[in-house]
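The chain contents come next:
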Amino acid sequence: MHPRLHAVLAEPRVSPAPSRLWRDWAVIAVLTPAMLVEGALRPDLPWRVGCVVVALALLPTILWRRTRPLAMVVIAFGGTTVAPFVLPGDPCQLFTASFLVLLVYALLRWGSGRDAVIGSFFVVAKVTAAGVVGSIDGGELVAGFAVMFAAATLGVAIRFRAAARLRELDRVKLLERERLARDLHDTVAHHVSAMAIRAQAGIAVSASQPHAAVEALRTIEAEASRALAEMRAMVRVLRHDQPADREPHPQVADIGRLAGQFRTGPNVEVNLRGDLNDLAPGVGSALYRLAQESVTNARRHARHATRIEVSVAADDTSVRLRVSDDGEAGAAGPTGSPGFGLTGMKERADLLGGTCQAGPNPDRGWTVTAVLPRQGVGA
């Protein structure tokens, strides 16, 4: 089987397909009296009663054209193909029977690839039979094929347009989930890590320095309060009925606060150089999160580290972040596969058109380096 034909036959049905809508009933409500009026007023119909009865009998196929498109096409076009050979006199052509075009559109819009191939056979058979029995001339035969082809093309176009829109929505949802995951890791996980470090320090000195243990509990309480506030802010944003938190996101200038945030552990030194005033808000926020995560990782993993250096340098086109510690070589890096923190850092930099790299220093410690464009080209 040809690969393209196999791909067409393997195309699944669009699901979920909407069932009967009020528009379907409106179409039936309009066409029913229109068929009766046409049957009563057109003198050229060979057998008025038979033509109107057949049209009215096929009209309900509109109601199931989305959920059972192939069955409705088979019933409608099969019935209109057989009718000229059963009814006495010349074949009748009701103008109001043009609703069959809706079935062709629905077949390509909602049906599977196999349904489309089989249903197209019945459509072609109907139009061809009308030309064979002489109910339409050559020009009308070409026009009939053109109308059916246009309806089918419109159905295919809207089908793939809707599929593309769904794929775009899924992509946006995935990006939003990744952003939320990064924010959770960069904010809440940061505070939880600080609480774990302080708890370990408090346990270690509780026997010899009870006041240090009390100080550790106070720090844990403060970090827990900040984590809870940030969690509530995120939940407030996710709720449709709650206003979002309008507080500005941390920017590059807030990196300086990391120097005095920790009372124990390695000393954090921050050095900001260059023009950092007109950075894009997303770039400034990303730099702060990258620095915060890097400092947290260094405090958590860098054994025997005494100093963590945070350096931010900006030039005319980009801004460079460097976070380095003097712990034991390779100790600050995660063992095995990279954790969510390092992965999220690389994703955050990539979304802004920058890069983020992390690795051990030649002598001691671990270094994280990120380079972002000033205006976030990738965003």
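Data block above holds the structure.
Residues numbered from 1 in each chain as written. Predicted model: local features only at pLDDT ≥ 70, side-chain atom pairs only at ≥ 80, totals over all residues. Heavy atoms only, no water.

### Observations regarding helix H5 (residues 100-110)
Next up, step 1: Counting buried positions over the 11 residues of H5 gives eight, a clear majority of the element.
Next up, step 2: Every buried residue of H5 is accounted for by Leu100, Leu103, Val104, Ala106, Leu107, Leu108, Arg109 and Trp110. (Buried < 20%, exposed > 50% of the residue type's maximum accessible area, 1.4 Å probe, protein only. Helix = DSSP H or I, 4+ residues; strand = E, 2+ residues; numbered from the N terminus.)

### Points about the environment of Thr80
Next up, step 1: With respect to the helices and strands, Thr80 occurs in helix H4 (residues 69-86).
Next up, step 2: Between the alpha carbons of Thr80 and Ala130 there is a distance of 9.2 Å; along the sequence they are 50 residues apart.
Next up, step 3: Setting aside residues up to four positions removed in sequence, Thr80 forms contacts with Leu58, Leu100 and Lys126.
Next up, step 4: A polar contact of 3.1 Å, which involves the side chain of Thr80, links it to the backbone oxygen of Phe77. (Contact = heavy atoms within 4.5 Å. Polar contact = N/O pair within 3.5 Å; in protein donor to acceptor, adjacent residues only side chain to side chain.)

### Thoughts on the nonpolar core
Next up, step 1: Core analysis: the largest hydrophobic core is formed by 31 residues, its most contacted members being Ile255, Leu287, Val295, Val310, Val319, Leu321 and Leu372.
Next up, step 2: For this core, the elements supplying multiple residues, two or more each, are helix H10 (281-301), strand S2 (307-314), strand S3 (318-325), helix H11 (340-351) and strand S5 (366-373).
Next up, step 3: Top element by residues in this core is H10. It accounts for eight residues.
Next up, step 4: Apart from residues lying up to four places away in sequence, Leu321 is in contact with Leu287, Leu290, Ala291, Val310, Ser311, Val312, Val368, Thr369 and Ala370.
Next up, step 5: With 28 residues, the next largest nonpolar core counts Ala55, Leu70, Ala116 and Met148 among its residues. (Core = buried A, V, L, I, M, F, W, Y, C linked by side-chain atoms within 4.5 Å.)

### Side note on the packing of helix H2 (residues 22-41) against helix H3 (residues 48-58)
Next up, step 1: Packing of H2 against H3 leaves a shortest axis separation of 9 Å and a crossing angle of 165 degrees. Looking at the two axes, H2 sits roughly antiparallel to H3. Note that H2 runs across H3; the crossing there is right-handed. Across the interface between the two elements, Thr32, Met35, Leu36, Gly39 and Ala40 of H2 pack against Arg48, Val52, Ala55 and Leu56 of H3. (Axes fitted to C-alpha atoms, helices over the stretch in contact; angles between N-to-C directions. Parallel < 35°, antiparallel > 145°, perpendicular 65-115°, else oblique. Left-handed = near helix turned anticlockwise from the far one by under 90°.)

### Describing H10
Next up, step 1: Its 21 residues give H10 an end-to-end C-alpha distance of 30 Å, which sits within 8% of 30 Å, the value for a rise of 1.5 Å per residue.
Next up, step 2: The element H10 is extensively covered by neighbouring structure, given that 17 of its 21 residues are classed as buried. (Expected span 1.5 Å × (residues − 1).)

### A look at the sheet that holds strand S1 (residues 267-273)
Next up, step 1: Taken together, the five strands give an open sheet; going across it, the order is S1-S2-S3-S5-S4, and neighbouring strands pair in mixed fashion. Because the sheet does not close on itself, it has two edges, and the strands there are S1 and strand S4 (355-360). Pairwise comparison of adjacent strand axes, ignoring direction, gives a mean angle of 10 degrees for this sheet.
Next up, step 2: Relative to S5, S3 runs antiparallel, the two sharing seven bridges. Its bridge partner being in S5, Ser324 is matched across the sheet by Thr367.
Next up, step 3: Seen against the sheet, H10 touches S1, S2, S3 and S5 and runs at an angle of roughly 10 degrees to S3. (Pairing = 2+ DSSP bridges.)

Keep in mind that these numbers describe shape and distance, not what the molecule does.
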